[in-house]
Amino acid sequence: MTEIQERGPLDAGSEEGARLLGIAADLVVRHAEGVADGPVAPAQPGTAWIREWLDGYDFHAGRPAEETLPEVMDVLRRWGVHTTHPRYFGLFNPTPTWWGVAGELLAAGVNPQLAAYSHAPAAVEIERHVLRFLADRLGLPATTEGSFTVGGAEANQTAVVVALTRRFGSYAEHGVAGLPGRPVFYASAESHLAWLKIAHLTGLGREAVRLIPVDSAHRLDLTRLRAAHRADLDAGRTPFLLVGTAGTTGGGAIDPLPELAELARAWGLHFHVDAAWGGAVSLSDRLRPLLAGIERADSVTVDAHKWLSAPMGAGTFLVRHPGALARSFRVTTAYMPAPEAAGDPYTTSVQWSRRFAGLKVFLALAAVGQPGYAAQIERDVELGALLADRLAEHGWRRVNDTPLPVVCVADPDVGALGHEHSVRWHDAVAEHVVHSGQAWVSPVRLAGRPAVRLCLISHRTGPRDLEDVVLALGKARASVSVVR
Ligand SMILES: *Cc1c(COP(=O)(O)O)cnc(C)c1O
């Protein structure tokens, strides 16, 4: 037997740690400085090239990290859509703030375990402090509880489990098979379709999701909702949840929350508001009224990794009923520390071992405060309005109706040539812009109607970037032939 050394093979020592973190920090800063000079997206996905590069890493032996780190950064730079680019007018992937990035580093280095309270009281209290702040901005009561999630999909899944547990006494023990009638829930046809996955994995089945058609402003249509609810009762189904979306993913519509709150109360349904990205406007006193009605929600989803510009992996779920999370997720085991009066996070979350996701949100809030966020969010809204104006001046017709900075536009002349043609043309225009590397925009269908979608989400985006994307769209429009 060889003698066991004092230091383990993976212990590279703190000097090496400092050196590597220095290299990594330098690479990240240089990436931020240079990203705007390159294309927003690669011309192709580069799969063959990436796999060939990976063949050099068979892991038979180690290689110096100072060589690997720059290689990885280079590969990431060449082969990926740059969500941190100022002309990424994309899905809700913001440029993370530096405070958030620093928070990631601290969380990884200290690596607190957020399963048991006793393991990480400081980390748990920091997260709860942030959750209470968000709840307060949304107008939810002081007794609101919550948990950090990986993202909005997990937060929405949490909502379904909590709603089922609140509504049906037998659900915890006997699952959906033990329910009196087959349950259904309601969300708009423009809602985020993670609802289908959630229905699948909670055992409700995808069929249990009632996607209610929208009105002309792409908001959940109340008349259709009432009819669907009536039909479900007549068919012996058991509605248990009503979802309002505050900021749809496609067009930024805000469902009529006060009316939905009223119907949910009258019908005895759990009222959940999915404000994954739209919830951020609650940080602005001026814009907060857009979310009127959210304060009546039983539960709310807000993603900090969307408009609050935290690095990926920071969703939140908030629920106004104390104990509702614990009733949904509590388990006691012999190997976990004795339950804490303060509440162990693993008993109020889908997750067990959990990363300290709240720190990056805390650090950004600590640095700029609510006024700093309000200023950024109000600026984004103004830039969105400016973008809509500039596109209108260039003959684009806006097809969505929202004060939020998502602008969906169509070419009215192409629209007149028929649906199929219009779909192909608008898809091709978005693709042309992406291929040009000048900007990233996406094709979208709003209530079936094709359009090009531009969303303002990066704090690096400024007025000049708007001119550039308007130009790129103009070029695409001139290049994509009308009859294909
Ligand atoms: C993004 C989004 C989700 C899903 O959130 P993830 O963080 O991607 O899991 C859910 N609902 C809405 C309205 C969204 O915009």
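Below, the structure is looked at part by part. The model shown is predicted, which means the values in this text are computed figures rather than measured ones. (Residues numbered from 1 in each chain as written. Predicted model: local features only at pLDDT ≥ 70, side-chain atom pairs only at ≥ 80, totals over all residues. Heavy atoms only, no water.)

## Regarding the site of the ligand
Phase 1 of the analysis: Around the ligand sit 13 residues in total, of which G152, D274, D303, H305 and K306 are the nearest.
Phase 2 of the analysis: One of the side-chain N or O atoms of D303 is found 2.6 Å from an oxygen atom in the ligand.
Phase 3 of the analysis: For the ligand, whose free accessible area comes to 380 Å², the fraction covered by protein is 85%.
Phase 4 of the analysis: By residue number, the principal contributor to the shell around the ligand is helix α6 (residues 152-167), which donates three residues.
Phase 5 of the analysis: Here the residues of the shell around the ligand are counted per class, giving three nonpolar, seven polar and three charged. (Near = heavy atom within 4 Å. Polar contact = N/O pair within 3.5 Å; in protein donor to acceptor, adjacent residues only side chain to side chain. Areas by Shrake-Rupley, 256 points an atom, 1.4 Å probe, with all protein chains shown as cover. Helix = DSSP H or I, 4+ residues; strand = E, 2+ residues; numbered from the N terminus. Nonpolar A, V, L, I, M, F, W, Y, C, P; charged D, E, K, R; others polar.)

## Notes on the packing of helix α1 (residues 14-34) against helix α3 (residues 65-78)
Phase 1 of the analysis: Put simply, α1 and α3 touch, their axes get as near as 10 Å, and they point 15° apart. Taken together, α1 and α3 sit at an angle that is classed as roughly parallel. Crossing of α1 over α3 shows right-handed handedness. Counting all contacts with α1, which are made through R19, L20, I23, A24, L27, V28 and H31, the residues of α3 involved are A65, E66, L69, P70 and M73.
Phase 2 of the analysis: Broken down by class, the residue content of the contact of α1 with α3 amounts to nine nonpolar, one polar and two charged. (Axes fitted to C-alpha atoms, helices over the stretch in contact; angles between N-to-C directions. Parallel < 35°, antiparallel > 145°, perpendicular 65-115°, else oblique. Left-handed = near helix turned anticlockwise from the far one by under 90°. Contact = heavy atoms within 4.5 Å.)

## Remarks on the sheet that holds strand β11 (residues 449-455)
Phase 1 of the analysis: One open sheet accounts for four strands, arranged β8-β9-β11-β10; its pairing is antiparallel. Two strands lie at the open edges of the sheet, namely β8 (397-398) and β10 (442-446), each paired on one side alone.
Phase 2 of the analysis: Relative to β11, β10 runs antiparallel, the two sharing five bridges. Paired with R445 across the two strands is P450, which belongs to β11.
Phase 3 of the analysis: Along the sheet, helix α12 (residues 358-393) makes contact with β8, β9 (406-410) and β11, crossing β9 at roughly 10°.
Phase 4 of the analysis: Contacts from helix α14 (residues 419-436) reach β9, β10 and β11, with the element oriented near 20° to β11. (Pairing = 2+ DSSP bridges.)

## Points about the side chain of Q351
Phase 1 of the analysis: Its place among the elements puts Q351 in the loop between α11 (324-329) and α12.
Phase 2 of the analysis: Polar contacts involving the side chain of Q351 include one to the side chain of E154, which spans 2.8 Å.
Phase 3 of the analysis: The contacts of Q351, once residues within four sequence positions are left out, are F148, T149, V150, E154 and Y346.

## Re the nonpolar core
Phase 1 of the analysis: Core analysis: the biggest nonpolar cluster contains 65 residues, and L225, L242, F271, V273, V300 and W307 have the highest contact counts within it.
Phase 2 of the analysis: Per-element tally for this core: the top contributor is α12, with six residues.
Phase 3 of the analysis: Taken domain by domain, this core gets at least three of its residues from each of domain 2 (104-364) and domain 3 (369-483).
Phase 4 of the analysis: Beyond its immediate chain neighbours, meaning those up to four positions away, W307 contacts W277, A280, V281, I377, D380, V381, L404, P405 and I457.
Phase 5 of the analysis: Core analysis: the next-biggest nonpolar cluster, separate from the first, contains 27 residues, V160, L164, A194 and L204 among them. (Core = buried A, V, L, I, M, F, W, Y, C linked by side-chain atoms within 4.5 Å. Buried < 20%, exposed > 50% of the residue type's maximum accessible area, 1.4 Å probe, protein only. Domains from an automatic or database assignment.)

## Remarks on the sheet that holds strand β1 (residues 145-149)
Phase 1 of the analysis: The seven strands are arranged β1-β7-β6-β5-β4-β2-β3 in an open sheet whose pairing can be described as mixed. This sheet does not close on itself; its edge strands, each paired only once, are β1 and β3 (209-212). Across the sheet, the mean angle separating the axes of adjacent strands is 20° when strand polarity is ignored.
Phase 2 of the analysis: Taken together, the three bridges between strand β5 (residues 270-274) and strand β6 (residues 299-303) define a ladder with parallel strand orientation. Note that in β6 the partner of D274 across the bridge is T301.

## A closer look at the packing of helix α5 (residues 121-137) against α12
Angle between the axes and distance between the axes: these two values describe a pair of packed helices.
Phase 1 of the analysis: The contact between α5 and α12 brings their axes to 9 Å, and the two run at 55°. Classified by the angle between their axes, α5 and α12 sit oblique to one another. When the axes of α5 and α12 are compared, the crossing they make is left-handed. Residues I126, E127, H129, V130, F133 and R137 of α5 touch α12, and the partners they reach there are G358, V361, F362, L365 and Q370.
Phase 2 of the analysis: Class assignment for the residues of the contact of α5 with α12 results in six nonpolar, three polar and two charged.

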